[in-house]
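# Residue-level structure breakdown
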Amino acid sequence: MKAIFKEIISLCLFLIIILGCTYLTVNYAVQRTEIEGVSMEPALYHGDQILVDKLTYRFREPKRYEIIAFPYRYEQDTYFVKRIIGLPGEKVRIDAQGTIFINEEALDEPYGLETVSQPGFACTPRILGKDEYFVLGDNRNDSIDSRDSEVGLVRRQEIIGRAFFRIYPFTSIGRIGQEKK
């Protein structure tokens, strides 16, 4: 009888530890997010399930070209996933030809699916504050991003984390590329 009681206590303790670890992971380390829409194609597609690393930015600042998740300001439990283009303190501008300029130098980046046709608020230079980031979707002409007042500039404290791993569809499981190609 004593052995059974000890096993039950042991099992309960094990379940409490598992639940505690799961709670900590979900709330402080990793978040699952589903991509809705085509704004991040070809990097991420509608229906992709991704994991967002919530720890990295506790130890370092976000970098250019990283894909980040941040909350949509007008709907609870909804997140945007976009690529960082402009960093704090930089001047960002998009000209009429769709060229992206950072501190008046044309940005040479391989992520944009197409040339920007509507620069939005970025048609005039935007100087980013010390905690602001300029983000764009890779599918530039089918993306609501920092060019639009609905998103605007993303503040550092709004960033949930860095998209790092695709878990669905199973045929595309793997790391999400962050670095410049």
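Details of the structure are given in the entry above.
The text that follows walks through the structure, step by step, so that each part is easy to find. Please read these numbers as outputs of a predicted model, since none were measured by experiment.

## Description of the nonpolar core
- Residues Ile85, Ile94, Ile100, Leu107 and Phe134 are the most contacted members of the largest nonpolar core, which totals 14 residues.
- Grouped together as the second largest cluster of nonpolar side chains are 12 residues, Ile68, Val135, Val151 and Val154 included.

## Here we look at the environment of Val116
- Within the secondary structure, Val116 sits in the loop between strand E7 (105-106) and strand E8 (126-127).
- Sequence separation of Val116 and Met1 is 115 residues, and the distance between their C-alpha atoms is 73 Å.
- Setting aside residues no more than four positions away along its own chain, Val116 makes contact with Ile94, Gln97, Gly98, Arg140, Asn141 and Arg147.

## Overview of the sheet that holds strand E6 (residues 100-102)
- Read from one edge to the other, the open sheet built from four strands follows the order E7-E6-E5-E8, with strand pairing classed as antiparallel. Two strands close off the open sheet at either side, each with one partner strand: E7 and E8.
- Where strand E5 (residues 91-94) and E8 come together, two bridges link them in antiparallel fashion. Each bridged residue has a counterpart across the sheet, and for Lys91 the counterpart in E8 is Ile127.

## Section: the pattern of salt bridges
- Applying the stated criterion to the full structure yields 13 salt bridges.
- Of the charged contacts in the structure, one is a salt bridge between Glu90 and Arg64, with a shortest N-O distance of 2.6 Å. Residue Glu90 is found in the loop between strand E4 (79-86) and E5, and its partner Arg64 is found in the loop between strand E2 (49-53) and strand E3 (67-71); the two are separated by 26 residues along the sequence.
- A relative accessible area of 11% places Glu90 in the buried class.
- Its salt-bridge partner being Glu132, residue Arg155 comes within 3.6 Å of it at the nearest N-O pair. In this pair, Arg155 sits in strand E10 (residues 154-155) while Glu132 sits in strand E9 (residues 132-136), placing the two residues 23 residues apart along the sequence.
- Residue classification places Arg155 among the partly exposed residues on the basis of a relative accessible area of 36%.
- Residue classification places Glu132 among the buried residues on the basis of a relative accessible area of 14%.

## Some remarks on the packing of aromatic side chains
- Counted under the stated rule, the structure contains seven aromatic pairs.
- Centre to centre, the rings of Tyr23 and Tyr28 are 6.4 Å apart; their planes meet at 75°, and the pair counts as edge-to-face.
- Over the face of the ring belonging to Tyr111 we find Arg83, whose NZ or CZ atom lies 3.6 Å from the ring centre.
- The ring of Phe101 has Arg93 lying over it, and the distance from NZ or CZ to the ring centre is 4.3 Å.

Cut-off values and rules
- Residues numbered from 1 in each chain as written.
- Predicted model: local features only at pLDDT ≥ 70, side-chain atom pairs only at ≥ 80, totals over all residues.
- Heavy atoms only, no water.
- Core = buried A, V, L, I, M, F, W, Y, C linked by side-chain atoms within 4.5 Å.
- Buried < 20%, exposed > 50% of the residue type's maximum accessible area, 1.4 Å probe, protein only.
- Helix = DSSP H or I, 4+ residues; strand = E, 2+ residues; numbered from the N terminus.
- Contact = heavy atoms within 4.5 Å.
- Pairing = 2+ DSSP bridges.
- Salt bridge = Lys/Arg side-chain N within 4 Å of Asp/Glu carboxyl O.
- Phe/Tyr/Trp six-rings, centres within 6.5 Å; stacked < 30°, edge-to-face > 60°.
- Lys NZ or Arg CZ within 6 Å of the ring centre and 35° of its normal.

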